[in-house]
Amino acid sequence: MVEIDYWAETWPLDNCNGRRHDSHKLARMEYLDRLRFRLEVARVTSWLQSIAPVTIKEDEADLTALECIQRRYAESCHTDKILGRPVSQQSYNHTSRDGQKIEHGATVWFVGRDGRIGRGTAYYNINSMWWVVCGKDGLSNLSTGEIFCQQPSDIRTKRNERQRRARLEGELASAVRRMDFRRAETLKNILFGSAPTFLIWAKDHGAYYRANYSGYTTDTIAAGRYTRAEAEAEVRRVPHELEAIGPDGERIKFARAA
């Protein structure tokens, strides 16, 4: 195995052990230096291939977002040989959250992990997943349900409903543990108003759902709270494994479809 290591003494030092140990080396290079390096690698690769069959593998951390995508296309068995990329054949694989068709290479909008609206360029991946590139190195793998073809209204407003709810439910659980029932009632009213809440019991895990349908717990205080409509919809989805339990012990079950 031949391994090529490289670094530049001109870029800012990040690693206290020296620039040789810095990460994202290729992306840190100046444009012309990056071209010179790639030319040198091509020469070495050509020489090695003249001696024996070799497999070349670059460190993906040093690739730009578009280079990462091209590598995935080259390795994918779903890639169309003529187009050089996979092609979405089914409408549900290219229908955005706002009901429009996502075009390969088009500008799209999405909700980032921080709840902020981001903008990037969409490149088809596989099934209902799309690569979205922001800038040179920003790369996200998003489902069609996370992508907008039209700019959402009021892009300055954070879309962090899930994070907000999880945080408030965590505060609610903490208040109950401290027996601070006045605060618990206030938080419950903020979350659900006067409507009763339900727990969702997963028989296969022997535990309750946590908030936002994410994870499980046997602790009823830490368990997620759901409205009747939310609980019924989830139990109907997997009726043989789930049931909902109300505040007065009411149980919601549904028969498995024949």
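Residues numbered from 1 in each chain as written. Predicted model: local features only at pLDDT ≥ 70, side-chain atom pairs only at ≥ 80, totals over all residues. Heavy atoms only, no water.

1. What to know about the overall build of the chain
And then number 1: Helix and strand counts for the chain come out as six helices and ten strands.
And then number 2: Over its C-alpha atoms, taken along the principal directions, the chain stretches across nearly 75 × 50 × 40 Å.
And then number 3: Taking the contacts inside the chain whose residues are at least 6 apart along the sequence as the reference set, 46% of them involve residues at least 24 apart.
And then number 4: As presented, the chain carries roughly 16700 Å² of accessible surface, and 50% of it is formed by carbon and sulfur atoms. (Helix = DSSP H or I, 4+ residues; strand = E, 2+ residues; numbered from the N terminus. Contact = heavy atoms within 4.5 Å. Areas by Shrake-Rupley, 256 points an atom, 1.4 Å probe, with all protein chains shown as cover.)

2. A short note on the environment of lysine 188
And then number 1: Here lysine 188 is to be found in helix H5 (residues 181-192).
And then number 2: Note: C-alpha distance between lysine 188 and glutamate 169 (19 residues apart in sequence) is 8.2 Å.
And then number 3: Once residues within four sequence positions are removed from consideration, lysine 188 is found in contact with Leu172, Gly193, Ser194, Ala195 and Thr197.
And then number 4: At 3.0 Å, the side chain of lysine 188 and the backbone oxygen of glycine 193 are in polar contact. (Polar contact = N/O pair within 3.5 Å; in protein donor to acceptor, adjacent residues only side chain to side chain.)

3. As for helix H3 (residues 65-75)
And then number 1: The complete set of buried residues in H3 reads Ala65, Cys68, Ile69, Arg71 and Tyr73.
And then number 2: Those residues of H3 that are buried are in contact with strand E2 (117-126), strand E3 (129-134) and strand E4 (138-143). (Buried < 20%, exposed > 50% of the residue type's maximum accessible area, 1.4 Å probe, protein only.)

4. So, the pattern of salt bridges
And then number 1: Taken as a whole, this structure holds 14 salt bridges when the rule is applied.
And then number 2: Two residues, glutamate 230 and arginine 165, come together in a salt bridge whose shortest N-O distance is 2.9 Å. Here the residue glutamate 230 occupies a position in helix H6 (residues 228-237), and arginine 165 occupies one in helix H4 (residues 161-177), the gap between them amounting to 65 residues.
And then number 3: Here arginine 165 falls in the buried class, since its relative accessible area comes to 17%. (Salt bridge = Lys/Arg side-chain N within 4 Å of Asp/Glu carboxyl O.)

5. What about the nonpolar core?
And then number 1: Ranked by size, the top nonpolar core spans eleven residues in total: Phe198, Ile200, Ala202, Tyr209, Tyr226, Ala231, Val235, Val238, Leu242, Ala244 and Ile252.
And then number 2: Of all the secondary structure elements, the ones that give two or more residues to this core are strand E6 (199-202), H6 and strand E9 (242-245).
And then number 3: The residues contacting valine 235, other than those within four sequence positions of it, are Leu242, Glu243, Ala244, Ile252, Lys253 and Phe254.
And then number 4: Judged by nonpolar contacts, the second largest core, of ten residues, contains Ala122, Trp130, Val132 and Leu142. (Core = buried A, V, L, I, M, F, W, Y, C linked by side-chain atoms within 4.5 Å.)

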